[in-house]
Amino acid sequence: MNEDVVRLLSPEGERIEHEDYPLEADHDQLRAMYRDIVLARRTDVESTALQRTGELGLWCPVLGQEGVQVGAAHAMRSHDYGFTTYREVGMFQVRGVDPVELLHLYRGISHASWDPREVGLGIFTIVIGSHALHSVGYAMGIQRDGADDAVLSCFGDGATSTGDVHEAMVFASVFSAPVVFLVQNNQWAISVPVTRQARAPLSVRAAGYGMPSVRIDGNDVLAGLAVTRAALDRAREGGGPTFIEAVTYRRGPHTTSDDPTRYRDDGEVEHWASLDPLDRLRRYLEAEGAIDEEFTARVAAEAEGLGERLRAAIRGMEDPEPLGMFDHVYVEPHRQVQADRAAMQDYLASLELR
Amino acid sequence: MNEDVVRLLSPEGERIEHEDYPLEADHDQLRAMYRDIVLARRTDVESTALQRTGELGLWCPVLGQEGVQVGAAHAMRSHDYGFTTYREVGMFQVRGVDPVELLHLYRGISHASWDPREVGLGIFTIVIGSHALHSVGYAMGIQRDGADDAVLSCFGDGATSTGDVHEAMVFASVFSAPVVFLVQNNQWAISVPVTRQARAPLSVRAAGYGMPSVRIDGNDVLAGLAVTRAALDRAREGGGPTFIEAVTYRRGPHTTSDDPTRYRDDGEVEHWASLDPLDRLRRYLEAEGAIDEEFTARVAAEAEGLGERLRAAIRGMEDPEPLGMFDHVYVEPHRQVQADRAAMQDYLASLELR
Amino acid sequence: MTQMTMVQALNAGLRRAMENDPKVLLMGEDIGPLGGVFRVTDGLHKDFGDLRVIDSPLAESGIVGTAVGLAMRGYRPVLEIQFDGFVYPAFDQIVTMVAKHHYRSGGITRMPMVIRIPYGGGIGAVEHHSESPEAYFAHTPGLRVLTPADAAEAYVTIQQAIASDDPVIYLEPKRRYWDRAEVDEVSAISGSPWTSRVLRRGSDVTLVGYGPMVRTCLEAADAAAEDGVSCSVIDLRSLSPLDVEPVADDVRRTGRCVVVHEAPVVLGVAAEVSAQVTEQCFFHLEAPVQRVGGAFLPYPPNRYEKHYLPDVDRVLDGIDRSLAT
Amino acid sequence: MTQMTMVQALNAGLRRAMENDPKVLLMGEDIGPLGGVFRVTDGLHKDFGDLRVIDSPLAESGIVGTAVGLAMRGYRPVLEIQFDGFVYPAFDQIVTMVAKHHYRSGGITRMPMVIRIPYGGGIGAVEHHSESPEAYFAHTPGLRVLTPADAAEAYVTIQQAIASDDPVIYLEPKRRYWDRAEVDEVSAISGSPWTSRVLRRGSDVTLVGYGPMVRTCLEAADAAAEDGVSCSVIDLRSLSPLDVEPVADDVRRTGRCVVVHEAPVVLGVAAEVSAQVTEQCFFHLEAPVQRVGGAFLPYPPNRYEKHYLPDVDRVLDGIDRSLAT
Ligand SMILES: Cc1ncc(C[n+]2csc(CCOP(=O)(O)OP(=O)(O)O)c2C)c(N)n1
Ligand SMILES: Cc1ncc(C[n+]2csc(CCOP(=O)(O)OP(=O)(O)O)c2C)c(N)n1
Ligand SMILES: [Mg+2]
Ligand SMILES: [Mg+2]
C-alpha cells in the first residue's frame, strides 16, 4: 500500500495520532464498530454460501473492505444520506438495512426493498457511477431546504472513469453541494487493475475541481471514521464537497460468478489479508481493554444468530405472485400497463383452464 | 486575464523569453501566421454578413480567439491530425479547409464537405465534447501504426464539463496516446461563465490524470505555436498526452442567433479588445522589420479577394437535388433506404404530373 | 383569453407552476439570465432566483442525474435540454434511472420530473437541432411522453406534466413555438392530458398526428375537403400512454387511417398506432393504415428539409394511397 | 463440422476475423486476461496481445467514442458492451456519431465497427442484465442490427458484421450462449446476413422471431403441430435492414402471422413487422398480425421472468388468438 495515506491505526493495532484528525476514542462507538464489522462479515459469508447452494443468483463479496465502510458509516448522522454500490455490506449494516432485504434482491424477488427514508441510505444501482450524480442532486436539495444534513457518496475505483462521476464532481464543486465522495479503491474493477483507470492516485483528481481531497488507509476503521466525519461536517457547514480515496483491497472474487485466478496472484491477496481491518481493530481494542473475551464471544454468538436468521429467511422466501410485476411501473394509472396486466391475468386464467 | 500563463508576446507586441519555450522567430512563418489571422478574420466577418443578409442560416463568430488557433495549427506537421469545434476558423484557415465549404454547411447544403485526409483535420461535430474521444481513438490508431504523428484535440471551456471529455482524458492517459488537448477557455459557454464549469483553472484538471498541463495566453500566437509544438513533439516521441489551457475571450456573440447583452457587460469585451492577437502580432512584426506596408497591403488585398470569392460562391450556390439526401446513409445498399428513395422518387414524379 | 405564442404559453405555464408549488425548480443550460435559447424561461431567473432557476454546467447526464437526486429529496425538477440532438448524453440517466426508479424502489420513491425537449425540424437549423426522438422514449416503460400541438395546449399540459408524480418527457415542437393561439389563463386546469384529442370529425379518412404535425394534418384536411374528401383529425397528444381508442372508434366509421410524424417511419410511433388500430379494427379497415413520415436517414442538411418533412402534399398523398386501396 | 456452443462459435469467428485482417481489434471491459464475463474473447488477448485486445477503462462512451477515432484511422474495432443494460452511457456516441458519421461526412469517412452486446433475459440475472434494447437501434438510420439465433449463425454472421463497412450492432442472445450446434469452420463464408431465414414452411400460421426467440418459435411450432396446426418459422436475423419480404410471401399463403420478441411490445420490432406485413398483405390476412412480447414494464426481478418472457405457451396463445379471428 502506498504509505502516503492518513492512518490512525497501524496494521498491528497501534494508535497513531494525526494532527489534522484528532479522534476521541469513545469505547462504546469502538465496540459498536467492531460488532458491525463482525456482523457485516457474517452476512457476507452466509450470503456467499447461500449463493453456492443455489439459493441466491449472485452475491458480491465485501471481504477486506469493511474497515472504511463501517468507519465512514459511523461518521454519518442519522439525517445524513448515503448512496452506495452493491458491495457496501458494511454501510448497510451500520445504517440498519436488514440483510434479509439483500437476500430478496439477490434471489430475484425484488430490485430493492428497503425504504431509503428510514435508513438514510438510497437503494443502490448496479449501473456503475450513475448514483454519484444522484448524490449531488440530493445534496443540492439539502441546500435548498436550508438543512444541515450532508450526503456520503460511495463508489469504486472503476467508477471514477465514468463520465457521470466526472459530471458529479463538476456539479458538486460549482454548486458547493454538501456531499462527500468516498472512493473505495480496492485495486480492481472486476479483472481490470486501477492502473487502467488512472495514472495518478485517484485523490489527485479532486484538485482539478477545486475540491480538497484526502487519501486514507481503507483498512483502518478509525481513519474512515475521523476523515469522513470531518468531511461531512465541512459539507454541512457550507464548506462544499470533499473527495476521500480509501486505499483498500477486494480479497474475494468480484462476484460469486467471477474467477480471479484468471487475472491476479494469490500473493497479492495474502498480503492484504495481513492488513485485515478487523484484526487490527481487535488488537487495538484488546490492548485498550475496551473489549474482553466475553464481549467477543457475545458478538460471535450474535453473528451465529444472524447466520441462522438468514438461512431461515431464505427457506421461507416464496416466489412472488406473477401479477406483482405490474405494480409500481407508474404512480398514476397508465393505460398500457393496465391493458397488459389484464391480458396477463386472462392468459394465466386460460392456462389454469387447460 | 490571470497572469499565471505562458506568454511570449506582450499585448504591446514585445517579445518575452520563456525558458521552457525557446522559439526561433522564423520571419516567413511569422508572416504566414499574420496572413492566416487576417484571412480567418475576413472569413469570419464576411460570413457574419452573409448570415445577416439571410444567405446563411447561422454563423459562429471567432473574433478574439484567432491567436491560439493559428499558432497551434502552425505547430502541427502535415501528417498530424486535428479535431476542432465549430468555432475554429483559424484552424481551418491554416490547415487549408476552403471557407466555401463552411458556407455550404451553414447554408444547409451539407453537414460537412471536406476530406479530412487531405487537410489532416476532421469534420467537426456540434455535439459538445464528443470529439475529444475520437481524438484519443485516432491517436491510439497512430500508436498501433507505429507512426510518429500526433493529434491536436480542440474544445471549449464548456466542453470540459462533459463526461466525454473526462473519459477522453482517462483513455489518453492510461494508454499514453499521442494527443494534445487544447482548451480554448473563452470565458463563456453561450451565456454560462466558466465559473459555472470549474472552481479551479481548467489546466489543473490534467494532474488528476497524471498528465502535464500548461496554461497559456490564448491571444498570443507565439505561445500557441511554441507550447503546442512542444506538446505535439512530446506526444509523437511517446511521452503521452498534454493538456493546454489557452486563456482567451469570445468577443462576439456565441452565434449569430445569440444576444450577449442579456448576460454580459460591454466593458469586458472592450478590455479583451485591447488584448487583440492580431494587433500585438503586427506591432511585433513591425518592430522586427518582418513586415512592411507593402506586405500588409498585399494581405489586405488578398482578404478583399477572399471576401469577394465568398460572396460570389454564395450567389452560385444552388439547393441540392432532393434525392441527394438518400446518398451515403450506408456504404453498402440498405433495403429500407432503397425503398424510401424509390418511394420519394415516385412521389416527386407524381407531384410533377399534377 | 390571451393571445400567446407557444413560447409565451410555456413561459406562463412554468411561472404558474412555480408560484403554486415551491418544490418546482428549473434546471438547464442557459435558462437563467439568457432565458433559454428560445426564451421559454425568460424572466423566471430574475423572479425566482438562483436556487429555483439553475443555469447548469454543460453536461446533460449531469442535469438529469442531479435532478434524480433532487426528486429523491422531494423536489420537482423541470429540466430543459437545449435541443433534441443533445438529449442522448442523458439517455442512460433517463432510461435506466428516471424511468425505472419508482418501479425498482418497489413504489417507495417517486420520480416527479419533467424533461422539456424542443424537437423536430422545419426551422432551417444546423445538424442535431431538428430531430424527433420520441419513439425512443415511448418504447421505454416508466416514462410518460407528452407533446403539445399549440399554445393553448402547451399552457395547460406543461402544468399537468409538472403536477404528475411520474416522470414526463415533454416534447415541444419548435417549429410551432411562434404560432399564436388563445390561451385561457383564468380557468382552473382540468381534464387529463393522457388522452387523444379529436379535433375534427370526417367520414372518409382518419388523420392522426401529434406535436408539429397536428397543424399540418388540419391543413391537409382542409385541402382534402376541397377535393371532396372528408377527414377526421386526431391529435395523439400523449405518446405514452398512447390513447388509441378514439382513433379506433373513428376508424370503425371511416375504415381508413393515415398516421403522420416527422420521425423516421421505421419503428416510429405510427408503427405502433398502425399495429394497434389493425388489431382493434381489423374487420372495419378498408385499406391498410398508411404511414407518412421521415425516410430512413439521419436528419438531412436543412436545404433538404422541405422534401424530408411531411407537408400537406405528403399527407394528401397518404390519403390518396389509403383511398386507392 | 464441429460441435460448438455459441460462445465458442463467436470466439472462433472473432479469432478468424483477427487472423484475416490485421486492422481488426477488440476493445471492452474485462475482455483481456479474463476473456470477458462470458468468455467470448477467451485466449485472444494471449494470442493477439495488448494492442489488438484492449481491456478498457470502465467507460462505455469512452469505448465507443475512441473506437470512432480508431475507425477514422483505418481500424475495424469490435467492441464488447458487457451487458445490455450498460450500453446506454454509450448511446450518444452510437446514435449521433457512429450511426451518422458516414452520412455527415458526405460518404468520405466510413465507420466499420461492430458493437457486440449480450442481450435478453432468461438467465436469472440481476437488474440491467436482461434487457432487449434492439428497437432503439433498429429505429436509428445509419446502424445495421444483427442477431444470431444459434452457434452456426453466430460463427458466420460475426465475421460478416466485422467485414461490413457500415457499423453493426451485434446482439448476442445470452440465454443461447451455451446452446450447441454444428459449426462449419472450413467452407468459405457466403450469403448475405441482411436477410430473413425461413427455417420451416407450414400452412396455417407464419411465426416470426429473432435471436433468443427463434428456438422458442421452433419449439412452439412443434407443439402446435401436435395440435394439428402447421406453422412456418422465420428468423428475421437482421433487424436493420428488416427483410419483411419473405415474411410477407409466407403470410400470403398462411393468412396469419405471429411475431415474437422479449422486448416490450409497444414500439418493439413486432410493431414494424406488423405494420409492414399489413401494408403488403392486406387482402391476404385472415386475422390481424399478433404480437407476443414483453409487457410494458422495466425488466422485472428475475423470479418473475418465467411469466414475463414469451415461452412456448405464450407463443401458442398468440397462435390461438390468430386462429380465433
Ligand atoms: C455502466 C456499467 N458498466 C459496466 C458494468 C459491469 N460491471 C459491474 S461491476 C464492474 C466493476 C466495478 O469496479 P469498481 O467501480 O472498482 O467497483 P468494485 O466492484 O471494485 O467495488 C463492472 C465493469 C456496470 N455494472 N455498469
Ligand atoms: C452536448 C451538447 N449540449 C448542448 C449544446 C448546445 N451548445 C452549443 S455551443 C454550447 C456552448 C459551448 O461552450 P464551449 O465549450 O465553451 O465552446 P464555445 O462555444 O465557447 O467555443 C452549447 C451549450 C451542444 N451543442 N451539445
Ligand atoms: Mg474496484
Ligand atoms: Mg467557451
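Because the structure is a prediction, the values reported are computed rather than measured. Per chain, residue numbering runs from 1 following the sequence as it is written. Lettering of chains starts at A and numbering of ligands starts at 1, both following the order in which they are written. The predicted origin of the model limits local features to residues at a pLDDT of at least 70 and limits the giving and counting of side-chain atom pairs to 80 or more, whereas totals for whole chains, interfaces and linings rest on all residues. As a rule here, side-chain values come from all non-hydrogen atoms in the structure, and water together with hydrogens is ignored.

### Describing helix H4 (residues 91-98) of chain C
In an α-helix, one turn spans 3.6 residues, which is why side chains three or four residues apart end up on the same side.
Then, number 1: Remark: exposure states derive from per-residue accessible area (1.4 Å probe, protein chains only) relative to the maximum for the residue type, with buried under 20%, exposed over 50%, and partly exposed in between. Numbering of helices and strands runs from the N terminus; a helix is a DSSP stretch of H or I covering at least four residues, while a strand is a stretch of E covering at least two. In terms of burial, H4(C) is a largely internal element, eight of the eight residues being buried.
Then, number 2: Residues Phe91(C), Asp92(C), Gln93(C), Ile94(C), Val95(C), Thr96(C), Met97(C) and Val98(C) constitute the buried set of H4(C).

### A few points about the domain arrangement of chain C
Residues and elements named next belong to chain C.
Then, number 1: Along its sequence, chain C is carved into domain 1 (2-183) and domain 2 (197-324).
Then, number 2: Residue ranges for the domains trace back to a domain assignment, done automatically or taken from a database. Just the C-alpha atoms count here: the centres of domain 1 and domain 2 sit 26 Å apart.
Then, number 3: In what follows, residue pairs with any heavy atoms lying within 4.5 Å of each other are defined as contacts. With 27 residues of domain 1 at the contact, the number on the domain 2 side is 24 residues.
Then, number 4: Summed over both sides, the interface of domain 1 with domain 2 buries roughly 1,900 Å², with 51% coming from carbon and sulfur. Summed over both partners, the accessible surface that disappears when two parts come together, traced with a 1.4 Å probe, is what is meant by buried area.

### Digging into the nonpolar core
The nonpolar side chains of a soluble globular protein tend to be buried, and buried together.
Then, number 1: Judged by nonpolar contacts, the single largest core of 431 residues is most densely connected at Tyr106(A), Phe181(A), Tyr106(B) and Phe181(B).
Then, number 2: Ignoring sequence-local partners within four residues, the contact set of Phe181(A) consists of Ala132(A), Val136(A), Ser153(A), Phe155(A), Ala168(A), Met169(A), Ala172(A), Met211(A), Pro241(A), Thr242(A), Phe243(A) and Ile244(A).
Then, number 3: Formed by 17 residues, the second largest nonpolar core is a distinct cluster that contains Leu207(D), Cys231(D), Val233(D) and Ile319(D). Residues enter a nonpolar core if they are buried and are Ala, Val, Leu, Ile, Met, Phe, Trp, Tyr or Cys, with the set joined through side-chain atoms within 4.5 Å.

### Quick word on helix H9 (residues 245-254) of chain D
Residue and element names in this part refer to chain D.
Then, number 1: Among the residues making up H9, those that are buried are Pro246, Val247, Ala248, Asp250, Val251 and Thr254.
Then, number 2: The elements touched by buried residues of H9 are strand S9 (197-200), strand S10 (205-209), strand S11 (231-235), strand S13 (257-264) and helix H10 (269-281).
Then, number 3: Trailing H9 by a residue or two, Gly255 shows a phi angle of about 80°, which is positive.

### Structural notes on the sheet that holds strand S3 (residues 179-185) of chain A
All names here are of chain A.
Then, number 1: We treat two strands as partners when DSSP finds at least two bridges between them. In space, the five strands of this open sheet follow the order S1-S2-S3-S7-S6, with parallel pairing throughout. Each of the sheet's edge strands pairs with one partner strand only, and the pair in question is strand S1 (81-83) and strand S6 (213-217). Going from strand to strand, the sheet's axes swing by 20° on average, the running direction of each strand aside.
Then, number 2: Inspection of the sheet shows strand S2 (residues 151-156) paired to S3 by six bridges, in the parallel sense. When the sheet's bridge partners are listed, Cys154 is paired in S3 with Leu182.
Then, number 3: In the packing of helix H7 (residues 163-174) onto the sheet, the strands contacted are S2, S3 and strand S7 (242-247), and the crossing angle to S3 comes to about 150°. Structural elements are reduced to axes, namely lines fitted to C-alpha atoms, with helices fitted over the stretch in contact, and the angle between N-to-C directions of any two is expressed from 0 to 180 degrees.

### Some points on the domain arrangement of chain A
Then, number 1: According to the domain assignment, chain A contains domain 1 (27-320) and domain 2 (321-354).
Then, number 2: Once you take the C-alpha centre of each, domain 1 of chain A and domain 2 of chain A turn out to be 37 Å apart.

### Section: the pattern of salt bridges
Opposite charge on two side chains permits them to pair, given that their charged atoms come into close proximity.
Then, number 1: Salt-bridge detection follows one rule: a side-chain nitrogen of Lys or Arg within 4 Å of a carboxyl oxygen of Asp or Glu. Under the definition given, this model contains 110 salt bridges over all chains.
Then, number 2: For Asp42(C), the salt bridge identified is with Arg262(B), shortest N-O distance 2.9 Å. With one member in each of two chains, Asp42(C) in the loop between strand S2 (24-28) and helix H2 (44-48) and Arg262(B) in the loop between strand S7 (242-247) and helix H9 (266-273) form a pair that bridges those chains.
Then, number 3: Relative accessible area serves as the criterion here: at 33%, Asp42(C) is assigned to the partly exposed category.
Then, number 4: Put simply, Arg76(C) and Asp165(C) hold a salt bridge, and the shortest N to O gap is 3.0 Å. Placement of the pair is Arg76(C) in strand S4 (residues 76-80) and Asp165(C) in the loop between helix H7 (151-163) and strand S7 (168-173), with a sequence separation of 89 residues. In this pair, the class of Arg76(C) matches that of Asp165(C), namely buried.
Then, number 5: Taken together, the shared-partner salt bridges connect Arg77(A), Asp80(A), Asp148(A), Asp233(A) and Arg236(A) into one network.

### Here we look at the site of ligand 1
Then, number 1: When we say a residue is near a molecule or strand, we mean one of its heavy atoms is within 4 Å of it. Around ligand 1, a shell composed of 19 residues is seen, among which Tyr86(A), Arg87(A), Ile126(A), Gly158(A) and Glu60(D) lie nearest.
Then, number 2: Residues close to ligand 1 are split across chains A and D.
Then, number 3: Measuring from a nitrogen atom of ligand 1, one finds a backbone N or O atom of Ile128(A) at 3.1 Å.
Then, number 4: Its free accessible area being 580 Å², ligand 1 has 96% of it covered by the protein chains. Each polar contact in these results corresponds to two N or O atoms within 3.5 Å; when the atoms are within protein, one needs to be able to donate a hydrogen and the other to accept it, and residues that are neighboring in sequence are counted only if both atoms are side-chain atoms. Under the convention used here, a 1.4 Å probe and the Shrake-Rupley method define accessible areas, while residue burial counts only the protein chains that appear.

### Some points on the site of ligand 2
Then, number 1: Near ligand 2, the surroundings consist of 19 residues, among which Tyr86(B), Arg87(B), Ile126(B), Gly158(B) and Glu60(C) are the closest.
Then, number 2: Among the chains of the assembly, those with residues near ligand 2 are chains B and C.
Then, number 3: Here a nitrogen atom of ligand 2 and a backbone polar atom of Ile128(B) are 3.1 Å apart.
Then, number 4: Within the backbone of Trp188(B), an N or O atom sits 2.8 Å from an oxygen atom of ligand 2.
Then, number 5: Relative to its unbound accessible surface of 580 Å², ligand 2 loses 96% to contact with the protein.
Then, number 6: Only Asp, Glu, Lys and Arg are considered charged, only Ala, Val, Leu, Ile, Met, Phe, Trp, Tyr, Cys and Pro nonpolar, and every remaining residue, Gly among them, polar. Tallied by class, residues from the shell around ligand 2 come to ten nonpolar, five polar and four charged.

### Here's the deal with the coordination of the magnesium ion (ligand 3)
All names here are of chain A.
Then, number 1: Taken together, the protein ligands of the magnesium ion (ligand 3) are Asp157 (OD), Asn186 (OD1) and Trp188 (O), with distances of 2.1 Å.
Then, number 2: Only N, O and S atoms count as donors, using a 2.8 Å cut-off from the metal and 3.2 Å for Na, K and Ca, and because water is excluded some sites may appear unfinished. Coordination of the magnesium ion (ligand 3) draws on donor residues from a single chain, spaced D-x28-N-x1-W in sequence. Placement of the pair is Asp157 in the loop between S2 and H7 and Asn186 in the loop between S3 and strand S4 (188-189), with a sequence separation of 29 residues.
Then, number 3: A relative accessible area of 1% means that Asp157 is categorised as buried.

### As for the interface of chain C and chain D
Then, number 1: Contacts between the two partners involve 48 residues from chain C, matched on the other side by 48 residues from chain D.
Then, number 2: Of the roughly 4,500 Å² buried at the junction of chain C and chain D (both faces included), carbon and sulfur atoms supply 67%.
Then, number 3: Per-residue buried area on chain C facing chain D is highest for Tyr136(C), His139(C) and Leu267(C); these three make up 18% of the total on that side.
Then, number 4: Between chain C and chain D we count eight salt bridges in total.
Then, number 5: Across the salt bridge formed by Glu279(D) and Arg291(C), the nearest N and O atoms sit 2.9 Å from each other.
Then, number 6: When contributions to the side of chain C that touches chain D are tallied by element, the ones reaching two or more residues are H4, helix H5 (101-104), helix H6 (134-138) and helix H10 (269-281) of chain C.
Then, number 7: Looking at which element gives the most residues to the side of chain C that touches chain D, the answer is H10(C), with eight residues.

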